[in-house]
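Results of the structural survey
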Amino acid sequence: GAVVSQHPSRVICKSGTSVKIECRSLDFQATTMFWYRQFPKKSLMLMATSNEGSKATYEQGVEKDKFLINHASLTLSTLTVTSAHPEDSSFYICSASATSYEQYFGPGTRLTVT
Amino acid sequence: RKEVEQDPGPFNVPEGATVAFNCTYSNSASQSFFWYRQDCRKEPKLLMSVYSSGNEDGRFTAQLNRASQYISLLIRDSKLSDSATYLCVVNGGSYQLTFGKGTKLSVIP
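Predicted model only: the values in this text are computed from it and were never measured.

Overview of the overall build of chain B
Across its full length, chain B carries zero helices and eleven strands. Counted from the first residue to the last, chain B has its helices and strands arranged as β-β-β-β-β-β-β-β-β-β-β. Expected size for 109 residues packed as a compact globule is a radius of gyration near 13 Å; at 13 Å, chain B falls within 12% of this value. Overall, chain B is about 40 × 30 × 20 Å in size when its C-alpha atoms are taken along their principal axes. Going through the 109 residues of chain B one by one, you find that 44% of them count as buried. Within chain B, contacts between residues separated by at least 24 positions form 56% of all contacts whose residues are at least 6 apart in sequence. Roughly 5,400 Å² of accessible area belongs to chain B as shown, and the carbon and sulfur atoms make up 47% of that amount. Between the mean site of the 12 positive side-chain charges and the mean site of the 10 negative ones, chain B shows a separation of 4 Å.

Below is the structure:
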């Protein structure tokens, strides 16, 4: 149990375009979902926390107008990278949690902005 | 001081060796602790939770010292498949996890 999927697994886009990444909890209802970013050889950094039906809480330094998060249901959250730049190229990972104890991670989305 | 600190390694050990990883955390109010494993270009996967009394899962033993704010992971009889980056993770409350940068382990035949 506790499976989280992400789509797409890999995306290449041009500068200035927007990219949407989906995160789904397949076999449980996630009250909270998290979006992380990981640059090469760096630790995961939390970008934002979202609860179903409410606005996401962004970490300091993360632009909410650039990284749009929608947590429309208890099984789906989306992250949209708007007006992507090459420096947005990274590994984006979501996680989902039904309790405050454990988080289950999606397989990640590798974004390359050319 | 960084919130969660780990020796980045790499640790290169022969098969069958015992290897220990250490981690320190700065938030004394942290409530729960974990070791995650991350393979190259993959998502982190929970290896084990860490309890105050110490806990063991097969070849893996985790220990927590709250007074010293120190967590450890011991791997016995290392296998080639243990090669990965091991992340020390601390939950400071309110769902949020803080990750260390990870310690890279390479088990050599």
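Okay, back to it.
Description of the sheet that holds strand β1 (residues 4-6) of chain B
Residues and elements named next belong to chain B. The strand order across the open sheet built from five strands is β1-β3-β8-β7-β6, with neighbouring strands paired in antiparallel fashion. Looking at strand neighbours, the two that pair on one side only are β1 and β6 (55-57), the edges of this open sheet. When the angles between neighbouring strand axes are averaged without regard to direction, this sheet yields 20°. Relative to strand β3 (residues 19-25), β1 is paired through three bridges, and the arrangement is antiparallel. Looking at the pairing, Val4 lines up with Tyr25 of β3.

Concerning the interface of chain B and chain A
Taken residue by residue, the interface counts 18 residues in chain B and 24 residues in chain A. Interface area for chain B against chain A, summed over the two sides, is near 1,700 Å², with a carbon-plus-sulfur share of 53%. Inspection of the region where chain B meets chain A yields zero salt bridges. One can count two residue pairs in polar contact (both at pLDDT 80 or more) joining chain B with chain A. Within the residue set of the side of chain B that touches chain A, elements represented by two or more residues are β4 (32-38), β5 (44-50) and β10 (97-99) of chain B. Ranked by the residues each element gives to the side of chain B that touches chain A, the list is headed by β4(B), at four residues.

With respect to the environment of His71(A)
Residue and element names in this part refer to chain A. By secondary structure assignment, the location of His71 is in strand β7 (residues 67-73). When the C-alpha atoms of His71 and Gln103 are compared, they prove to be 16 Å apart, with 32 residues separating the residues in sequence. With sequence-adjacent residues up to four places away left out, His71 is seen in contact with Ala30, Thr31, Thr32, Met33, Ser50, Asn51, Glu52, Gly53, Leu76 and Ser77. Within the structure, the side chain of His71 is placed 3.4 Å from the backbone nitrogen of Glu52, a separation counted as a polar contact.

Notes on the side chain of Arg37(A)
Within the secondary structure, Arg37(A) is located in strand β4 (residues 32-38). Buried Arg37(A), no salt bridge; nearest opposite-charge side chain is Asp88(A), N-O distance 4.6 Å.

Quick look at the state of the cysteines
A complete count under the given rule lists two disulfides over all chains for this structure. Shown here is the disulfide that connects Cys23(A) with Cys94(A), its sulfur atoms set 2.0 Å apart. Sign of the S-S torsion, about 80° for the bond between Cys23(A) and Cys94(A), identifies this disulfide as right-handed. Of this pair, Cys23(A) sits in strand β3 (residues 19-25) while Cys94(A) sits in strand β9 (residues 90-97), placing them 71 residues apart in sequence. Considered together, Cys23(A) and Cys94(A) belong to a single accessibility category, that of buried residues. The disulfide partner of Cys23(B) is Cys88(B), and the S-S distance across this bridge is 2.0 Å.

Focus on the nonpolar core
Membership of the largest hydrophobic core comes to 24 residues, with the highest contact counts inside it found for Trp35(A), Phe67(A), Leu79(A), Tyr92(A) and Leu111(A). Going through the elements one at a time, β2 (10-13), β3, β4, β5 (45-51), β7, β8 (76-81), β9 and β11 (109-113) of chain A are the ones with two or more residues in this core. For Phe67(A), the residues in contact, after removing those within four places along its chain, are Arg37(A), Met47(A), Tyr58(A), Val62(A), Leu79(A), Thr80(A), Val81(A), Asp88(A) and Tyr92(A). Among the nonpolar cores identified, the runner-up in size contains 23 residues, and Trp35(B), Phe60(B), Ala62(B) and Ala84(B) belong to it.

What counts as what
- Residues numbered from 1 in each chain as written.
- Chains lettered and ligands numbered in written order.
- Predicted model: local features only at pLDDT ≥ 70, side-chain atom pairs only at ≥ 80, totals over all residues.
- Heavy atoms only, no water.
- Helix = DSSP H or I, 4+ residues; strand = E, 2+ residues; numbered from the N terminus.
- Rg over C-alpha atoms; globule rule 2.2 N^0.38 Å.
- Buried < 20%, exposed > 50% of the residue type's maximum accessible area, 1.4 Å probe, protein only.
- Contact = heavy atoms within 4.5 Å.
- Areas by Shrake-Rupley, 256 points an atom, 1.4 Å probe, with all protein chains shown as cover.
- Lys, Arg positive; Asp, Glu negative; His and termini not counted.
- Charge placed at Lys NZ, Arg CZ, Asp CG, Glu CD.
- Pairing = 2+ DSSP bridges.
- Axes fitted to C-alpha atoms, helices over the stretch in contact; angles between N-to-C directions.
- Buried area = accessible area lost by both parts, 1.4 Å probe.
- Salt bridge = Lys/Arg side-chain N within 4 Å of Asp/Glu carboxyl O.
- Polar contact = N/O pair within 3.5 Å; in protein donor to acceptor, adjacent residues only side chain to side chain.
- Disulfide = S-S within 2.5 Å.
- Core = buried A, V, L, I, M, F, W, Y, C linked by side-chain atoms within 4.5 Å.

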